[in-house]
Amino acid sequence: MLERLRTVLIGTSHPGNIGGVARAMHNMGLGDLALVAPRGEVITQDSISRASGADHLLHSAHVCQTLDEAVADCTFVVGASARSRTLPWPMLSPRELAHRLPGECRQDNARVALVFGREDSGLTNDELHRCHAHVHIPTNTDFSSLNLAAAVQVVAYECRVAWLEQQAATPDVACASDQREETQLVSHADLERYFIHLEQTLTAIGFHDPDKPRQLMARMRRLYLRARPQQIELNILRGILTATDKAATDQTTQPPR
Ligand code: SAH
């Protein structure tokens, strides 16, 4: 299970914090680190010293430019946020998240992304709207923002405890639930392709006005992310959009009777 967890840091400005995250991850047995548009160098004296022996994670980190790229193959994406945002989204505590992980990680193609934001401004709404759920560490409401590495430590610790509990469970139970899961999970990249198609179709049929979006696409994202469609269902949804596109084009090209 732990090998299916990816820690994603977006726009980190202090290399020392990346080192602190590497240490926290390695302490808890996590090894997959992705860095989205880090500001400045990753391998510095400061990051190596804060990694305290976990600097192999800094060297093996996957550096990319966008969140979509970092989580393209992920089947469950969770964004860590210190604040609540305007549009409410499914919210988990680190413990609730950890308890979901054995189920989320069961299938072979399962990959879970734990996404953390910038030290100064956290995650943008656009980034948070790409997540199935948000995780909030219940802190003092007047002083809610943890240091980045400390936030990773808390979430990674809960994941480790859930993994230890799973190890202690009887193998028969794990096997029985394995058999229940026979459907293919959808990747982030497939879902993003669907959202692009959905927005195009809704615009083409005049239901959506990109100049007056009124949170429509964010609400649609929340709906589909909550539903957790299976691959076969997403194929049907794509088929419906393609048929809608065709019907709309046929209607506009048909000569008036
Ligand atoms: N000043 C920023 C917080 C930055 S802390 C803001 O107000 O949004 C850097 C990152 O650590 C955050 O983006 C978040 O991913 C994580 N983090 C910090 N405190 C957290 C908390 N209480 N719960 C969940 N994540 C937290």
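Data block above holds the structure.
In what follows, the accompanying structure is described.

Conventions adopted
Residues numbered from 1 in each chain as written. Predicted model: local features only at pLDDT ≥ 70, side-chain atom pairs only at ≥ 80, totals over all residues. Heavy atoms only, no water. Salt bridge = Lys/Arg side-chain N within 4 Å of Asp/Glu carboxyl O. Helix = DSSP H or I, 4+ residues; strand = E, 2+ residues; numbered from the N terminus. Buried < 20%, exposed > 50% of the residue type's maximum accessible area, 1.4 Å probe, protein only. Near = heavy atom within 4 Å. Polar contact = N/O pair within 3.5 Å; in protein donor to acceptor, adjacent residues only side chain to side chain. Areas by Shrake-Rupley, 256 points an atom, 1.4 Å probe, with all protein chains shown as cover. Nonpolar A, V, L, I, M, F, W, Y, C, P; charged D, E, K, R; others polar. Axes fitted to C-alpha atoms, helices over the stretch in contact; angles between N-to-C directions. Parallel < 35°, antiparallel > 145°, perpendicular 65-115°, else oblique. Left-handed = near helix turned anticlockwise from the far one by under 90°. Contact = heavy atoms within 4.5 Å. Core = buried A, V, L, I, M, F, W, Y, C linked by side-chain atoms within 4.5 Å.

### Quick look at the pattern of salt bridges
Line of reasoning, step 1. Scanning the model with the defined rule gives 13 salt bridges in all.
Line of reasoning, step 2. Close ionic contact of Asp120 with Arg39 constitutes a salt bridge, the shortest N to O distance being 3.1 Å. A residue pair is termed long-range when its members are at least 10 positions apart, and Asp120 in the loop between β6 (112–116) and α6 (125–128) and Arg39 in the loop between β2 (32–36) and α2 (45–51) qualify at 81 residues.
Line of reasoning, step 3. Assessed through its relative accessible area of 38%, Arg39 is described here as partly exposed.
Line of reasoning, step 4. Across the pair Glu127 and Arg118 runs a salt bridge whose closest N-O atoms are separated by 2.8 Å.
Line of reasoning, step 5. Owing to a relative accessible area of 12%, Glu127 belongs among the buried residues under this scheme.
Line of reasoning, step 6. One continuous salt-bridge network, built from bridges that share partners, spans Asp68, Asp126, Arg130, Glu192 and Arg221.

### Considering the site of the ligand
Line of reasoning, step 1. Residues in close proximity to the ligand total 21 residues, the closest being Ala80, Arg83, Ile137, Ser144 and Leu146.
Line of reasoning, step 2. Contact distances for the ligand include 3.3 Å between a nitrogen atom and a backbone N or O atom of Ser81.
Line of reasoning, step 3. With respect to the ligand, the backbone of Ile137 contributes an N or O atom lying 2.8 Å from a nitrogen atom.
Line of reasoning, step 4. Contact with the protein chains hides 93% of the accessible area of the ligand, taken as 540 Å² for the molecule alone.
Line of reasoning, step 5. Class assignment of the residues belonging to the shell around the ligand gives a composition of 8 nonpolar, 8 polar and 5 charged.

### Overview of the packing of helix α5 (residues 94–104) against helix α7 (residues 148–168)
Line of reasoning, step 1. Here α5 crosses α7 at 40°, and the two axes come no closer than 8 Å. Classified by the angle between their axes, α5 and α7 sit oblique to one another. Here the hand of the crossing between α5 and α7 comes out right-handed. On α7, the residues touching Pro94, Arg95, Leu97, Ala98, His99, Leu101 and Pro102 of α5 are Val154, Val155, Glu158, Cys159, Ala162, Glu165 and Gln166.
Line of reasoning, step 2. Grouping the amino acids of the contact of α5 with α7 by side-chain chemistry returns 9 nonpolar, 2 polar and 3 charged.

### Thoughts on the nonpolar core
Line of reasoning, step 1. The biggest cluster of nonpolar side chains holds 41 residues, and the ones touching the most others in it are Leu9, Leu97 and Phe116.
Line of reasoning, step 2. Element by element, the count of residues in this core is highest for α7, at 8 residues.
Line of reasoning, step 3. With near-sequence residues (within four places) excluded, Leu97 lies in contact with Phe76, Val78, Leu92, Leu114, Val135 and Val155.
Line of reasoning, step 4. The next biggest cluster of nonpolar side chains, apart from the first, holds 16 residues, and it includes Tyr194, Leu202, Met220 and Leu241.

By themselves, these figures tell us nothing about what the structure is for.
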